[in-house]
Amino acid sequence: MKFVHISDIHLTCPGERMAGLDPHRRFAQALDEVRGKHQDADRIIITGDLTHWGEPDAYAALNDALVDLPCPVRLLVGNHDNRANFLSAFPDHPRDEHGYINYAEDLDGTRLIYLDTTAPRTHAGHFGVDRIQWLEAQLQDCTHARLFMHHNVMTLSQPAEDKIALVSADRPAFADLLKRHQSKIDYLHFGHIHAICTGTYCGIPFASVRSTGNQSLPDFTETELLHGGPLAPSFALIEVGGDGTVIHDIPFTWDGPVFSSGTGWDDWAKPVAAE
Amino acid sequence: MKFIPLADTHVVGAGLLYGQDPAKRLSRAVATTNAENGDAHFVIVTGGMTYWAMQRPLRGLPARSRS
Ligand SMILES: [Fe+2]
């Protein structure tokens, strides 16, 4: 299985810029890269912050952009999204019995689980008992699962950033659920932090991806402010095989020099200076 | 425990490599590490230390072990 993992596209009403850039152009560049080089992808998964301010026009622009793609697209909501406006633009989108945008599908023996970790008017993640019960049921009757979500459910040693992780009140139940189903959960994939961060949590590997817009700068002492800048964007290409998972970082906007070299020993020999 | 992996620093003797000075880049990595993660237990350099396997640039490696 091959997944394209894109996150934090932060679409605006067309014509509006976001933090110095045109998010629509960036998103179009990412999709062009998928069309050009990843026609064999099985899913394009966009883990939230689909829009920057949640307007209906921004969701309409998202809907318009999702054309001529090689595979189905899976959409998740993030803290910048507006669930009601999202559902107005995508009226047939699956949701759970409580109205959260939680849904799942089985592909090649793996249950792909897409989570809604949002709550109104907060940038922090929420996943209360009603959502935990839904996730528990999804995990109970599958043999392999892979979780996609917007928020990081663990803290990441960054005091300011950690203030908008999954709220501390909801962390223990989530961690407990992960531990109980650790043997069948292959990976946690998320966005939100606009940076690549990888590791393990409750014995499960995790990986985040950059934003297609601006990136954050990790800060291990700052307690109040989130720092970021116009670093180059990327998305992730996730290859899942029988032996495991490989995640590639795809710098889809790179238009600078490209150096090429063969793989033989002499291809890297030190040039001899002309006397 | 906290440690910093560095790889493929590709230090050359003198001059630039593909328009960059790798030793300068490495110095910045060391400075950032000391400034922001001075509490790390160790730095591990996982190969590709020099570009052409020269002896001299190795002596110029600015990283030093911390206790
Ligand atoms: Fe975001």
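Right, let's walk through the structure included here.

About the cut-offs
Residues numbered from 1 in each chain as written. Chains lettered and ligands numbered in written order. Predicted model: local features only at pLDDT ≥ 70, side-chain atom pairs only at ≥ 80, totals over all residues. Heavy atoms only, no water. Core = buried A, V, L, I, M, F, W, Y, C linked by side-chain atoms within 4.5 Å. Buried < 20%, exposed > 50% of the residue type's maximum accessible area, 1.4 Å probe, protein only. Contact = heavy atoms within 4.5 Å. Donors = N, O, S within 2.8 Å, 3.2 Å for Na, K, Ca; no water. Tetrahedral: all angles 85-135°; square planar, octahedral: opposite > 155°, others 65-115°. Helix = DSSP H or I, 4+ residues; strand = E, 2+ residues; numbered from the N terminus. Buried area = accessible area lost by both parts, 1.4 Å probe. Salt bridge = Lys/Arg side-chain N within 4 Å of Asp/Glu carboxyl O. Nonpolar A, V, L, I, M, F, W, Y, C, P; charged D, E, K, R; others polar. Axes fitted to C-alpha atoms, helices over the stretch in contact; angles between N-to-C directions. Parallel < 35°, antiparallel > 145°, perpendicular 65-115°, else oblique. Left-handed = near helix turned anticlockwise from the far one by under 90°.

## Notes on the nonpolar core
Residue and element names in this part refer to chain A. Membership of the largest hydrophobic core comes to 37 residues, with the highest contact counts inside it found for Phe3, Ile6 and Phe86. Not counting the four nearest positions on each side in its chain, Phe86 is found in contact with Leu50, Tyr59, Leu75, Val77, His93 and Ile101. One finds Ile113, Leu115, Leu166 and Leu188 within the second-largest nonpolar core, a separate group that totals 28 residues.

## Thoughts on the coordination of the iron ion
Residues and elements named next belong to chain A. The iron ion binds to the protein through Asp8 (OD), His10 (NE2), Asp49 (OD) and His194 (NE2), with metal-donor distances spanning 2.0 to 2.3 Å. Here the iron ion is ringed by four donor atoms whose angles at the metal span 90 to 176°, and the overall shape comes out irregular. Mapping the donors of the iron ion onto the primary sequence gives the spacing D-x1-H-x38-D-x144-H. In this pair, Asp8 is assigned in the loop between β1 (2-6) and α1 (23-37) and Asp49 in the loop between β2 (43-47) and α2 (56-65), connecting sequence segments 41 residues apart. Exposure class is identical for Asp8 and Asp49. Each is buried.

## Looking at the interface of chain A and chain B
Facing the six residues of chain A at the interface are five residues of chain B. Buried surface at the junction of chain A and chain B, summed over both partners, amounts to about 570 Å²; 68% is from carbon and sulfur atoms. Contact with chain B buries area across many residues of chain A, yet Phe259(A), Trp268(A) and Lys270(A) alone supply 70% of it, more than any other trio. At the boundary of chain A with chain B, the tally comes to zero salt bridges. Taken together, the residues of the side of chain A that touches chain B break down into five nonpolar, no polar and one charged.

## Points about the environment of Ala232(A)
Residue and element names in this part refer to chain A. Topologically, Ala232 is positioned in the loop between β11 (228-229) and β12 (235-241). Among the residues examined, Ala232 registers a relative accessible area of 51% and is labelled exposed. On a C-alpha basis, the gap between Ala232 and Asn214 in space is 7.5 Å, while along the polypeptide they are 18 residues apart. If near-sequence neighbours (up to four positions away) are discounted, Ala232 is found in contact with Arg210 and Gln215.

## Considerations on the packing of α1(A) against α2(A)
Residues and elements named next belong to chain A. Packing of α1 against α2 brings their axes to within 11 Å, and their N-to-C directions diverge by 20°. For the element pair α1 / α2, the angle class is roughly parallel. Seen along the crossing, α1 lies across α2 with a hand that is right-handed. In this structure, α1 uses His24, Phe27, Leu31 and Arg35 to contact α2, whose residues at the interface are Ala61, Leu62 and Ala65.

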